[in-house]
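Read off the chains here:
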Amino acid sequence: MLSLHMAAKRDFGSFHSSNVQELINIPEKDYIPPLFPFEIPEYDFGSLDSLQFGKECREKCFMLECVKLSGKDIERQPLRFFDRELLPHLVYVTRSLSKFIGCDAQDVVLVTNATTAINTVVRSIKLKENDCIYILNVTYGAVKKLLRQVCTETGAVLQEEKVEFPVTGKQQIISLVKSTLKSGTKLAVFDHIPSNSPLILPIKEIIQVCHERNVPVLIDGAHALGSVPLNLRSLDADYYVSNAHKWFCCPKGAAFLYVRKDLQKNTRPLVISHGFGSGFNSEFIWAGASEGC
Ligand SMILES: Cc1ncc(COP(=O)(O)O)c(C=O)c1O
């Protein structure tokens, strides 16, 4: 199978790595993951119910030692890492993640954090004067700042609707969206789990309401990966963003952006580098040396 990897056309400057898009497209039955430079411990999920917080939990459930070993291995031979190992490993992560979140590997890219992913989506939408962007008041503060800024730049209008507390149930939120969202809205943004309010928004139903009105939806699931089950195929959002460095317990600087197939050609990375023009996964996988390492 190595030969399949090696035969692929290179598309990353002078890198000695296989073509990212071809590695992503290899059918699961033919795909052989890259080798790790050290042994990965087996998780012992069987005994999690009786597991105590502390040393035992740290050793059985977290790969903290592997993170240290990996850092050492990278620094021992940085050129080998960047030039030959990094991209195939990122492809492996992308493929594994896509299975966990229920989408095609072709539809998800790794980014540094949710903020970058949300900026990417919002900056990819061509707004003009009086276009509308829809949010609820529980939207994350930094995202509100981004949306206000793009409205200032373009003359678009930010429509912010108020969720009344205490929330009586999911129907309250669905009815609010139903009664206030106008068709023709350019983008609706909802937090899956707002960070300041103890709520999980009924995003499946909200997405349906948006789609009935032909409104594209961006779900900010910064807190979702690892805390609630995700199946992006059945959710059917246009864009979905989550952090892996929160409840998924990855090292900091790990997040993903999912984009529906037909919107990918207009969703371009904020940073343009070697992978540009070689496909959706390629365009996002490398944003210059050391980014996200
Ligand atoms: C709902 C929500 N969106 C976005 C973010 C931004 O995440 P990051 O700082 O990793 O980009 C957060 C951070 O807590 C958040 O709670």
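The preceding data block contains the structure.
Since the model is a prediction, treat every value here as computed from it, not as a measurement.

A. Structural view of the sheet that holds strand 6 (residues 239-243). On the basis of which strands lie adjacent, the open sheet formed by 7 strands has the order 1-7-6-5-4-2-3 and mixed pairing. In this open sheet, the two strands that pair with only one neighbour each are strand 1 (108-111) and strand 3 (157-161). For this sheet the average axis-to-axis angle between neighbouring strands, irrespective of direction, equals 20°. With 3 bridges connecting them, strand 5 (residues 217-220) and strand 6 associate as parallel partners. Bridging from a neighbouring strand, Ile219 pairs with Tyr240 of strand 6. Its contacts with the sheet put helix 7 (residues 141-154) on strand 2 (132-136), strand 3, strand 4 (187-191) and strand 5, and the angle it makes with strand 3 is roughly 145°.

B. Main features of helix 4 (residues 64-76). The terminal C-alpha atoms of helix 4 lie 19 Å apart, and with 13 residues this matches the ideal 18 Å at 1.5 Å per residue to within 8%. If you check which residues of helix 4 are buried, you get Cys66, Asp73 and Ile74. Looking straight down helix 4, one finds that the buried residues subtend no more than 100° of arc, so they occupy a single side. Opposite the buried face of helix 4, by more than 90 degrees, sit the exposed residues Glu65, Lys68, Lys72, Glu75 and Arg76.

C. Representation of the packing of helix 8 (residues 170-180) against helix 9 (residues 203-212) in the model. Their axes nearest at 10 Å, the elements helix 8 and helix 9 cross at an angle of 15°. Considered as vectors, helix 8 and helix 9 are oriented roughly parallel to each other. In the packing of helix 8 onto helix 9, the handedness of the crossing is right-handed. Across from Lys170, Ile173, Ile174, Val177 and Lys178 in helix 8, the residues of helix 9 making contact are Glu205, Ile206 and Val209. Split into classes, the residues belonging to the contact of helix 8 with helix 9 amount to 5 nonpolar, no polar and 3 charged.

The rules behind each value
- All residue numbers refer to position in the chain's written sequence, counted from 1.
- Local features in this predicted model are restricted to residues whose pLDDT is 70 or higher, and side-chain atom pairs enter the listing and the counts only when it is 80 or higher, whereas totals over whole chains, interfaces and linings include all residues.
- Side-chain measures here rest on the full set of heavy atoms in the structure, leaving out hydrogens and waters.
- Strands qualify as paired when DSSP identifies two bridges or more between them.
- Secondary structure elements follow DSSP: runs of H or I of four or more residues count as helices, runs of E of two or more count as strands, with numbering from the N terminus.
- Axis definition: a line fit to C-alpha positions, over the contact stretch in the case of helices; interaxial angles, taken between N-to-C directions, run 0 to 180 degrees.
- The criterion used for residue contact is that any of the two residues' heavy atoms lie within 4.5 Å.
- By this rule, a helix spans an expected 1.5 Å times one less than how many residues it contains.
- Only protein chains enter the accessibility calculation, which uses a 1.4 Å probe. A residue is then buried if its area is under 20% of the maximum for its type, exposed if over 50%, and partly exposed in between.
- Note that the arc is computed from the directions linking the helix axis to the C-beta atoms.
- The cut-offs work like this: below 35 degrees is roughly parallel, past 145 is roughly antiparallel, 65 to 115 is roughly perpendicular, and the gaps in between are oblique.
- We call a crossing left-handed when the near helix sits turned anticlockwise from the far one by less than a right angle, and right-handed when that turn is clockwise.
- Residues are grouped as follows: Ala, Val, Leu, Ile, Met, Phe, Trp, Tyr, Cys and Pro are nonpolar; Asp, Glu, Lys and Arg are charged; all remaining types, including Gly, are polar.

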